[in-house]
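Next come the chains, spelled out residue by residue.
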Amino acid sequence: MQNVVRDVRLGLRGLARRPAFAAAAVLTLALGIGAATIIFSVVDAVLLRPLPFPRPERLVQVWETVPGRGDRRASPADYLDWRAESRTFASLASYDVRAGNLVGGGEPERVRYATVSANFFRALGVMPVRGRAFRDDDAAVVGARPVVLGRGLWLSRFGGDPGILGRTLVLDDERLTVVGVMPAGFAFPEDAALWVRAPFDVPELKSLPPDFDIRTMRDAWYFRVIGRLAPRASRADAQAEMDVIARRLREAHPVTNQGAGIRLVPLHEQLVAGARQMVLLLFGAVALVLLIACSNVANLVLARASGRTRELAVRTALGASRGRLVRQLLAESVALALVSGVAGVALAAAGVGALGRLIPPALLPAGTVTLDATVLAFSLVASLATAALFGAAPAFVASRISLRAWTTERGSGGGGRAGTRIRGALVVAEVALAVVLVAGAALTLQSLGRLAAVDPGFRPDGLVSAKVSLPGAGGSDRPAAARFYLDAVERVAAVPGVTGAAVALSGPVESGRGAGLRVEGRANAPGTLPSIAWQVVSPGYFEAARIRLLRGRTFDERDRGDAAPVAVINEATARRYFPGEDPLGRRINTGLDGLGVWVTIVGVVADTRNEGLAQAASPEMFRPLGQPVHFGGEEMLLLARSAATPATLAPALRRAVDAVRPGVAVYDVRAGAELVHGFTRTPRFLLLLLGAFAALALVLGAVGIYGVAAFAVSQRRREIGVRMALGAQRRAVFGMVLRGGLQSVAVGLGLGLAGAVAATGVLRRVLYGIGALEPWTLAVVTAVAAAVAVAATAGPAARAARVDPAGVLREE
């Protein structure tokens, strides 16, 4: 060990004596190690870091499944049956995430909160650090419920008041009593700031009548369930038991549960499922950048070794073994890698904060991006690995020193044929890896273009959206809430420059609540209960959003409370549930409309891509705000079509709403284009990183090609001088060096294109609209890589063409 430390110390001294070489090598490696460290911090946060709960491997997400349609959320009655009949779970807890207006402790604040069952914290294994968790005997009715605060909210809004326990808060007009404060860092699910006890352990639906017993509902799937396995139960045991329970429910409730199963997914796997492939793709891309950096430094080390021929020959003559020389040269590589690693970590520390701000939430469902001990350990391992990658081959070549180097400067400078072959192979590798990265960036750009060309089903340009919060709208006086929204729309429509206005429960880029669908006069197919998304809109909604009417009509002033109930469906509903027939005039019913309430279809509109531009539209139905439906409008989306910008229009929207009812919150005012913009955030982030990696790869590749070509010219200077003395033209010398430098590049291009074709299969799984690698993409990638290679080789070739033959001969 002492010898290793001494060798590394000697290596550091050697770097200090050659500052130009050290600076170039350290900068190259630091860029690669820094980029790899930043991306690994994402890998660590998403895939490696365990969930911050005790025994997280015992936690599962519980889904209800439908054949051919995948997973869906739970319904109240099914969840209560699961919990009552299961013996393999220590806890089965329910939760749903909401947003509400919090009053108390300062100005009203919009907060994200979760309504959860009493055993929610017990299931996760995390208890409040102040006060208590929910108890089974807590009040189970709305208006007298306990609430637990997140530590962040307790500190920011209440200043860490130690007397917070027992204090009354108001959330959306409901009075809640604080019973506990959670520990720092706990924000599950979805960065919730506080947790409210769900009535009867089932997240409430405020859209239902006050006297409706929500525990009987089986055809409304709107909340999620997590479970903690019992101490001696495995996930396989729990799955087998839940399969039995699902079978019994199918037999007992053939209408709502036919075909329904239950699927258990490890909670960590569930949270990272949508991000895993994307994160691994980024890590693979940055690994290619690091390999290119290693190839570059290997060429630098080889070039440096050519100037150490006499030094190594003297050591050999004095008795140094070949193994001793290899160890010394590798120790110098380790010293170089460690210095580069420190610089790389410094770069990563500067860049990880920016990455944390840029990364889409979909790619970071749990945790934050930080340089923790695991990431720093990776950086150390990466540094040592790079030492082996870029140091092994040069050490092997340089250690094969002939004793004739003692008497001649030429000796085996540059490592002879072995060194030449290695340098050529390194150039091939650099070019091939750079081509793969450039192709990946080109495919991502192509995918983003195709995604942007997808018709979202509405016209975002000229549309301004805002959220309007009306606490208590889901209570007993729903007609009054509906009148408020209709009056607010009328006021907004009168604002100068506004050509259309409406409100919607979800709007054109979010799906409504799921519900079971029944069609009058039609028995459901065996084993299925059709499902549909359900939302309420005001008259003028389709016109304001510019959603095309395909058949029939939209809503108007005729659709009042005393008129026959009506609905508009989207094209996906007509395709799936009314194939080959006209749906106009047919009557349908959902659980959220109310039992026995049949509504007549009066129109069919075009699909909107509510779940993303890359996702096919799902069946959706719309009900008019003016009819007595249970719309639960505590928060609605206000739409206004205007040429004004959101910043300009926002004050007018707030004044219009305030004129109807003072104090109602109007917030999150955005341009319609921003609604669609969210659908492309992840591919834009991927393009940004792949584009940066591709650009870095091209720069490093150009430096590597230039270095090899320049070294070759320096080694062949005497030969070039003799050729020119014998009559060779400068243009011919330029072409000779250029062709020689591009031979390895051509091989690298071929291998890189083959690698790009293979990489297309990987990218196809994470990018929209990507098929086989198209000829024009291959041509562009080839042209870019070839242009960079020619530019990098042209400089040394031009220098070779300027060699003075007389000066070379005088030197001889």
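A.B. asks: How should I be thinking about the environment of valine 657 in this particular structure?
C.D. replies: You can see valine 657 is positioned in helix H16 (residues 646-660). Counting along the chain gives 168 residues from valine 657 to valine 489, while the straight-line C-alpha distance between them is 8.2 Å. Look past the residues within four positions of valine 657 in its chain and what remains in contact with it is Val468, Phe484, Ala488, Leu638, Val664 and Val666.

A.B. asks: Before we go on, may I ask you to explain the pairing of strand S13 (residues 498-504) in this structure?
C.D. replies: Along any regular strand the residues' side chains alternate between the sheet's two faces. S13 sits mainly inside the fold: six of its seven residues count as buried. Inspection of the sheet shows S13 paired to strand S21 (residues 635-642) by six bridges, in the antiparallel sense. Its bridge partner lying in S21, alanine 502 is registered against leucine 639.

A.B. asks: I would appreciate a short explanation of the packing of helix H19 (residues 717-725) against helix H20 (residues 730-763) in the present structure.
C.D. replies: When two helices pack together, you describe them by how their axes are tilted relative to each other and by the distance separating the axes. Running from amino to carboxyl end, H19 crosses H20 at an angle of 145 degrees, the nearest separation of the two axes being 10 Å. Considering only the axes of H19 and H20, their crossing is right-handed. Contacts between H19 and H20 pair Ile720, Arg723 and Met724 from the former with Arg730, Val733, Met736 and Val737 from the latter. Residue composition of the contact of H19 with H20, by class: five nonpolar, no polar and two charged.

A.B. asks: Hey, could you run me through the pairing of strand S8 (residues 174-181) in this one?
C.D. replies: Most of S8 sits inside the fold, with six of its eight residues counted as buried. Inspection of the sheet shows strand S5 (residues 130-131) paired to S8 by two bridges, in the antiparallel sense. In the strand pairing of S8, glycine 131 is matched with glycine 180. With four bridges connecting them, strand S7 (residues 168-171) and S8 associate as antiparallel partners. Looking across to S8, one finds that valine 170 is bridged to arginine 175. Between the antiparallel neighbours S7 and S8 lie two residues, among them aspartate 172 with a positive phi of about 50 degrees.

A.B. asks: Got a minute to help me understand the environment of phenylalanine 378 in this structure?
C.D. replies: Tracing the chain through its elements places phenylalanine 378 in helix H11 (residues 373-398). Sequence spacing of phenylalanine 378 and isoleucine 33 is 345 residues, and the spatial spacing of their C-alpha atoms is 9.8 Å. Apart from residues lying up to four places away in sequence, phenylalanine 378 is in contact with Ala36, Thr37, Phe40 and Phe283.

A.B. asks: Can you walk me through the packing of aromatic side chains in this structure?
C.D. replies: Given two aromatic rings, one states the distance between the centres and the angle between the planes to describe the pair. Enumeration over the complete set of coordinates arrives at 20 aromatic pairs. Relative to phenylalanine 283, the ring of phenylalanine 40 has its centre 6.1 Å away and its plane inclined at 55 degrees; by these criteria the two rings are tilted. Taken as a pair, phenylalanine 40 in helix H2 (residues 19-48) and phenylalanine 283 in helix H8 (residues 276-306) lie far apart in primary sequence, 243 residues in all. In this structure phenylalanine 283 comes out as partly exposed when scored by relative accessible area, which is 25%. Counting every residue linked through ring pairs, the aromatic cluster contains Phe53, Tyr95, Phe120, Phe121, Phe134, Phe186, Phe188 and Trp195. It is arginine 661 that lies over the ring of phenylalanine 484; its NZ or CZ is 5.3 Å from the centre.

A.B. asks: Explain H20 here, please?
C.D. replies: Side chains three or four residues apart in an α-helix point the same way, a direct result of the helix having 3.6 residues per turn. Taking 1.5 Å as the rise per residue, H20 with 34 residues should run 50 Å; its terminal C-alpha atoms sit 46 Å apart, in good agreement. By the largest-angle criterion, glutamine 743 marks the main kink of H20, which is about 30 degrees.

A.B. asks: Teacher, can you tell me more about helix H5 (residues 151-158) here?
C.D. replies: Of all the positions in H5, only Leu153, Trp154, Arg157 and Phe158 are classed as buried. Across the axial projection of H5, the buried residues extend over an arc of 100 degrees, all falling on one side. Within H5, the exposed residues directed more than 90 degrees away from the buried face are Gly152 and Ser156. Glycine 159 lies just past H5 and shows a positive phi near 60 degrees.

A.B. asks: What exactly am I supposed to notice about the side chain of arginine 224 here?
C.D. replies: Summarising the element assignment, arginine 224 is placed in strand S10 (residues 224-229). Its relative accessible area of 13% is what places arginine 224 among the buried residues. Among the polar contacts listed, one links the side chain of arginine 224 to the side chain of glutamate 190, at a separation of 2.7 Å. Residues in contact with arginine 224, not counting those within four places in the same chain, are Gln61, Trp63, Arg73, Ala93, Ser94, Tyr95, Val97 and Glu190.

Cut-offs applied
Residues numbered from 1 in each chain as written. Predicted model: local features only at pLDDT ≥ 70, side-chain atom pairs only at ≥ 80, totals over all residues. Heavy atoms only, no water. Helix = DSSP H or I, 4+ residues; strand = E, 2+ residues; numbered from the N terminus. Contact = heavy atoms within 4.5 Å. Buried < 20%, exposed > 50% of the residue type's maximum accessible area, 1.4 Å probe, protein only. Pairing = 2+ DSSP bridges. Axes fitted to C-alpha atoms, helices over the stretch in contact; angles between N-to-C directions. Left-handed = near helix turned anticlockwise from the far one by under 90°. Nonpolar A, V, L, I, M, F, W, Y, C, P; charged D, E, K, R; others polar. Phe/Tyr/Trp six-rings, centres within 6.5 Å; stacked < 30°, edge-to-face > 60°. Lys NZ or Arg CZ within 6 Å of the ring centre and 35° of its normal. Expected span 1.5 Å × (residues − 1). Bend = angle between axes of the 7 residues up to and from the residue. Arc of directions from axis to C-beta. Polar contact = N/O pair within 3.5 Å; in protein donor to acceptor, adjacent residues only side chain to side chain.

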